[in-house]
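Survey of secondary and tertiary structure
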Amino acid sequence: MESKTFKVPTIGCNGCVRTIENEVGALAGVTRVKGEVESKQVTVEWQSPASWDAIKAKLVEIEYAPEG
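Quick look at the structure, then. Note that the structure is predicted; figures quoted are calculated from it, not measured.

1. Here's the deal with the pattern of salt bridges
Tallied over the entire structure, the rule returns three salt bridges. Among the ionic pairs, E61 bridges to K58, the shortest N-O distance being 3.3 Å. Taken together, the residues span about one helical turn, with E61 and K58 both in helix α2 (residues 52-61) at a distance of three residues. Given the relative accessible area of 56%, E61 is considered exposed. Sharing partners across several salt bridges, the network here consists of E23, K58 and E61.

Here's what the structure looks like:
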């Protein structure tokens, strides 16, 4: 299992966090998504068939691109 914590500068409210958790959590292989409004950070845990590239692409698609 892989895990990554990253910043999403466009998080502004709990609705943003819910959208990220729901959309990324729906990807096959994603086992956990946890976002925080205050720190604007998201932690994702996944295994195959998910990949960081697929997760990042979903975040960009829903307009919550990760920083960096």
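2. Some remarks on the packing of aromatic side chains
Tallied over the entire structure, the rule returns two aromatic pairs. Connected via pairs of aromatic rings, a cluster forms that spans F6, W46 and W52. Geometry around W52 places K4 over its ring, the cationic atom sitting 5.0 Å from the centre.

3. Things to note about the nonpolar core
Core analysis: the biggest nonpolar cluster contains 17 residues, and I20, V24, V30, V42 and V44 have the highest contact counts within it. Secondary structure elements with two or more residues in this core: α1 (14-25), β2 (30-36), β3 (41-46) and α2. When residues of this core are assigned to their parent elements, the largest contribution, four residues, is made by α1. Residues contacting V24, with those up to four places away along its chain left out, are V30, V33, V44, I55, K58 and L59.

4. Some words on the environment of P9
Relative to the helices and strands, P9 resides in the loop between β1 (2-7) and α1. A relative accessible area of 40% places P9 in the partly exposed class. For P9 and T43, which are 34 residues apart along the polypeptide, the C-alpha to C-alpha distance reads 14 Å. In contact with P9, other than residues within four places in its own chain, are K40, A65 and E67.

5. A look at the side chain of T43
Note on placement: T43 falls in strand β3. Setting aside chain neighbours within four positions, we find T43 in contact with S3, K4, T5, R32, V33 and K34.

6. What to know about α1
Taking 1.5 Å of rise per residue, twelve residues should cover 16 Å, and α1 covers 16 Å from first to last C-alpha, within 8% of that figure. Turning to α1, its buried residues are C16, V17, I20 and V24. Considered in projection along α1, the buried side chains sweep an arc of 100 degrees and stay on one side of the axis. Among the exposed residues of α1, those pointing more than 90 degrees away from its buried face are N14, R18 and N22. The inward-facing, buried residues of α1 abut β2, β3 and α2.

Rules used throughout
- Residues numbered from 1 in each chain as written.
- Predicted model: local features only at pLDDT ≥ 70, side-chain atom pairs only at ≥ 80, totals over all residues.
- Heavy atoms only, no water.
- Salt bridge = Lys/Arg side-chain N within 4 Å of Asp/Glu carboxyl O.
- Helix = DSSP H or I, 4+ residues; strand = E, 2+ residues; numbered from the N terminus.
- Buried < 20%, exposed > 50% of the residue type's maximum accessible area, 1.4 Å probe, protein only.
- Phe/Tyr/Trp six-rings, centres within 6.5 Å; stacked < 30°, edge-to-face > 60°.
- Lys NZ or Arg CZ within 6 Å of the ring centre and 35° of its normal.
- Core = buried A, V, L, I, M, F, W, Y, C linked by side-chain atoms within 4.5 Å.
- Contact = heavy atoms within 4.5 Å.
- Expected span 1.5 Å × (residues − 1).
- Arc of directions from axis to C-beta.

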